[in-house]
Amino acid sequence: MRRSFILGTAVCGLSARAAPEAYAHQLKAGLVRVLFNDRTGLIEVMHRYYAHDAEHAVERLFGPGADIRSVEADLKRFSAYVVERFGLADAGGGPISLRYLGEEFDGPFLWIYQDAPLPDGIEGLRVRNAVLHDVWEDQTNLVNIEGRGETLSATFAKGEGARKLLFKTDGQP
């Protein structure tokens, strides 16, 4: 009996230790950091996706055999797909034209970068993020906006449109 208990405890312990790593890539979650960088004079946009999710998405989007790790054209196609499904506008709806900069793999993540000149007198943003919503029903995308006071966040699920996020000024919401 004691031997069964010890064996069962060991198996459960190993499963619990492996579970976060084994299932982390199955979260179907993207993260975008929008940074207002006064030093560079730019809005810097950094999209982060689990590389494993992106690899599976590419096959669903572009067909079997599509490979973002070894086929540069597939990686560029996926980056274009991300850029097309993400957008920023000022609080009044005036579009902010983001420039595509490139992408890189870093550990378990694929990063895609964009930027735009900082607009004068901006009071907030309208954000749209539909990346991978046409691939997975349960895909969620978190957008964090930093560099204009308190960090603002919005989560996007499938079917949700643009969200308006206003910056706090002079301590007022």
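Just so it is clear, the structure is predicted and the values come from calculations on it, not from any experiment. (Residues numbered from 1 in each chain as written. Predicted model: local features only at pLDDT ≥ 70, side-chain atom pairs only at ≥ 80, totals over all residues. Heavy atoms only, no water.)

1. So, the overall build of the protein
For the protein, the count of helices and strands is three helices and ten strands. Per-residue burial over the protein gives 38% buried out of 173 residues. Expressed as a percentage of contacts within the protein between residues at least 6 apart in sequence, the contacts between residues at least 24 apart total 59%. Of the roughly 10000 Å² that the protein leaves accessible, carbon and sulfur atoms contribute 54%. (Helix = DSSP H or I, 4+ residues; strand = E, 2+ residues; numbered from the N terminus. Buried < 20%, exposed > 50% of the residue type's maximum accessible area, 1.4 Å probe, protein only. Contact = heavy atoms within 4.5 Å. Areas by Shrake-Rupley, 256 points an atom, 1.4 Å probe, with all protein chains shown as cover.)

2. A closer look at unusual backbone geometry
Unlike most non-glycine residues, L132 shows phi in positive territory, near 70 degrees. Looking at where L132 falls in the secondary structure, it is placed in the loop between β7 (124-129) and β8 (140-146). On the accessibility criterion, L132 (2% relative accessible area) is buried.

3. Looking at the sheet that holds strand β10 (residues 163-166)
If you walk across this open sheet you meet the four strands as β4-β3-β7-β10, and the pairing is antiparallel. Where the open sheet ends on each side, the last strands, each with one partner, are β4 (95-96) and β10. Note: β7 against β10, four bridges, orientation antiparallel. Looking across to β10, one finds that R126 is bridged to K164. (Pairing = 2+ DSSP bridges.)

4. Digging into the side chain of D115
For D115, the position within the fold is in strand β6 (residues 109-117). Residues contacting D115, with those up to four places away along its chain left out, are L42, I43, E44, S97, L98, R99 and L101.

5. Structural notes on the pattern of salt bridges
Tallied over the full model, the rule gives twelve salt bridges. A salt bridge links K168 to E150; the shortest N-O distance between them is 3.3 Å. Taken together, the residues span a long stretch of sequence, with K168 in the segment after β10 and E150 in the loop between β8 and β9 (152-156) at a distance of 18 residues. With relative accessibility at 44%, the residue K168 sits in the partly exposed group. Residue classification places E150 among the exposed positions, given a relative accessible area of 52%. (Salt bridge = Lys/Arg side-chain N within 4 Å of Asp/Glu carboxyl O.)

6. Looking at the nonpolar core
Counting 36 residues, the largest nonpolar core has V34, F78, L88, L125 and I145 as its most contacted members. Residue contributions to this core peak at four residues, all from helix α3 (residues 72-84). Apart from residues no more than four positions distant in its own chain, I145 is found in contact with V34, F36, L125, V127, E150, T151, L152, L165 and F167. Core analysis: the next-biggest nonpolar cluster, separate from the first, contains five residues, L35, M46, Y50 and W111 among them. (Core = buried A, V, L, I, M, F, W, Y, C linked by side-chain atoms within 4.5 Å.)

7. Brief notes about the environment of T40
For T40, the location among the structural elements is in the loop between β1 (29-37) and β2 (42-50). Counting along the chain gives 77 residues from T40 to P117, while the straight-line C-alpha distance between them is 8.9 Å. Polar contacts involving the side chain of T40 include one to the main-chain amide nitrogen of L42, which spans 3.4 Å. Here the side chain of T40 touches E44 through a polar contact of 3.0 Å, side chain to side chain. (Polar contact = N/O pair within 3.5 Å; in protein donor to acceptor, adjacent residues only side chain to side chain.)

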